[in-house]
Amino acid sequence: MATDFETRGTDLWPDADFEIRMAGDGLTLEGYAAVFDKPSLPMPGPRGPFTETLRSGAMTKTLAENPDVTLRYQHNLLSIPLGRTKAGTLELSADSHGLHVRNALPDNEIGRPIRDAVKRGDISGMSFSFRPVSRAGEKWNADYTQRDLLDIQIGREVSVVDFPAYPDTSVMVRHLADVADLPADELAEALALLRTEDARLTVEQRNLIYAAVAAKSDEPFVGPRLARARERLAALAS
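Residues numbered from 1 in each chain as written. Predicted model: local features only at pLDDT ≥ 70, side-chain atom pairs only at ≥ 80, totals over all residues. Heavy atoms only, no water.

A. Just the pattern of salt bridges, in detail. The full count for this structure, using the stated rule, is 13 salt bridges. Ionic pairing is found between Glu-6 and Arg-147, a salt bridge with its closest N-O pair at 2.9 Å. Of this pair, Glu-6 sits in strand 1 (residues 6–9) while Arg-147 sits in strand 11 (residues 146–149), and the two are 141 residues apart along the sequence. Between Asp-107 and Arg-112 there is a salt bridge, with its nearest N and O atoms 3.1 Å apart. Owing to a relative accessible area of 31%, Arg-112 belongs among the partly exposed residues under this scheme. Salt bridges here are not isolated pairs; linked through shared partners, they connect Glu-6, Arg-8, Glu-52, Glu-138 and Arg-147. (Salt bridge = Lys/Arg side-chain N within 4 Å of Asp/Glu carboxyl O. Helix = DSSP H or I, 4+ residues; strand = E, 2+ residues; numbered from the N terminus. Buried < 20%, exposed > 50% of the residue type's maximum accessible area, 1.4 Å probe, protein only.)

Right under this line is the structure:
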């Protein structure tokens with residue numbers, strides 16, 4: 001069973017007639033974060049490009065368990081949530097089309113910019129995270145060029161996004177975590193935080209990224225503090 005979550009965005013299904021809109025009250029956001037029974041665009045995988053199809057019953061079990069999920073902007077887990085299923089402000093449901101998201105945005109300085117951006121079309125995509133619940137939750141064809149998702153667990157957040165996350169991101173993070181023997185979820189969170197404007201990594205997150213870089217370097221990675229110390233010692237020796 002996979003231990004890390006993968007991320008998919010609506011840009012994987014460009015012909016699926018997605019739409020994010022504001023409902024009649026002006027503060028309720030509605031849209032689809034995923035579509036059922038339609039092959040995705042090709043995406044990079046550890047064994048080469050593959051397409052993916054989210055089957056219509058794949059979310060039935062996870063939604064029935066009433067997961068505690070938040071709505072975010074650009075996957076920013078450090079910001080105040082825009083909605084939450086536990087609070088009743090975010091509703092997730094599966095219909096014949098896909099994963100439907102309905103969220104009551106807060107009427108404040110956090111919610112209003114999102115509302116205005118959706119109305120203007122500046123925000124037009126959604127993204128969600130998931131993982132197969134077991135080996136039986138996913139099915140690959142013989143040459144690993146097609147994957148069917150049959151039973152998945154939804155992650156702890158869905159997001160409205162300017163540009164939906166590139167589909168190779170989660171695949172590459174998972175591969176890097178495997179190579180470096182690191183926890184994939186924590187590495188993904190550290191890298192996502194690093195992309196935010198006011199990123200402040202913890203020591204643990206910094207060390208995770210250092211370890212990931214070291215695993216892909218021809219030479220052992222030397223942190224900046226140790227590198228400066230070595231430079232000072234070399235200067236003294238000369």
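B. Representation of helix 5 (residues 203–215). For helix 5, built from 13 residues, the straight-helix expectation of 18 Å at 1.5 Å per residue is met to within 8% by its first-to-last C-alpha distance of 18 Å. Burial in helix 5 covers these residues: Gln-205, Leu-208, Ile-209 and Ala-212. The buried residues of helix 5 occupy an angular sector of 95° when the element is viewed end-on, so they sit on one face. (Expected span 1.5 Å × (residues − 1). Arc of directions from axis to C-beta.)

C. Structural detail: the side chain of Asp-148. Along the chain, the position of Asp-148 falls in strand 11. For Asp-148, a relative accessible area of 13% corresponds to the buried category. Within polar-contact distance, the side chain of Asp-148 engages the side chain of Arg-55 at 3.3 Å. Leaving out residues up to four positions away in the same chain, Asp-148 has contacts with Thr-53, Arg-55, Gly-137, Glu-138 and Lys-139. (Polar contact = N/O pair within 3.5 Å; in protein donor to acceptor, adjacent residues only side chain to side chain. Contact = heavy atoms within 4.5 Å.)

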